[in-house]
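Residue-level listing of the chains:
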Amino acid sequence: MGDFVGATASREAADALALPDVKTVFLVCGKRSFQHSGAAAHLDFLLQDRKVIRFDAFSPNPRAEDAVAGRELFRETACDAILAVGGGSVMDMAKLIKC
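These numbers come from a predicted model, not from an experiment.

K.L.:
Is there a simple way to think about the nonpolar core in this case?
P.N.:
Inside soluble globular proteins, nonpolar side chains tend to come together where they are buried. Core analysis: the biggest nonpolar cluster contains 13 residues, and Leu17, Phe34, Leu83 and Val85 have the highest contact counts within it. For this core, the secondary structure elements donating two or more residues are β1 (24-29), α3 (39-47) and β3 (81-85). At four residues, the largest contribution of residues to this core is made by α3. With residues up to four places along the chain from it excluded, the contact list for Leu17 reads Val22, Val25, Leu46, Leu47, Arg50, Ala81 and Leu83. Ranked by size, the runner-up nonpolar core spans 12 residues in total, among them Val28, Ala67, Val90 and Met93.

Reading the values: the criteria
- Residues numbered from 1 in each chain as written.
- Predicted model: local features only at pLDDT ≥ 70, side-chain atom pairs only at ≥ 80, totals over all residues.
- Heavy atoms only, no water.
- Core = buried A, V, L, I, M, F, W, Y, C linked by side-chain atoms within 4.5 Å.
- Buried < 20%, exposed > 50% of the residue type's maximum accessible area, 1.4 Å probe, protein only.
- Helix = DSSP H or I, 4+ residues; strand = E, 2+ residues; numbered from the N terminus.
- Contact = heavy atoms within 4.5 Å.

None of the figures reported here should be taken as evidence of function without further support.
This is the structure in structure tokens:
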């Protein structure tokens, strides 16, 4: 799987998440913005047949200990993919967890 950014990101991510080996998704998102932005409603269909582990336990300016906690949860849950939905802090956190 790759990183999807830009105008076609939603479609590319949907195609990647639809692969049969993606059963558990690690969702990195903001605490409130994911719901309030409409992203949750938009992604319900895409994620309906997947187990979703949501990680939003980090500050707007993520700290090292937040990244460590996210990485530990990612490892413990053995997710098949990371999906980041949000702004800069969310993207930064997802990249840190991926590394």
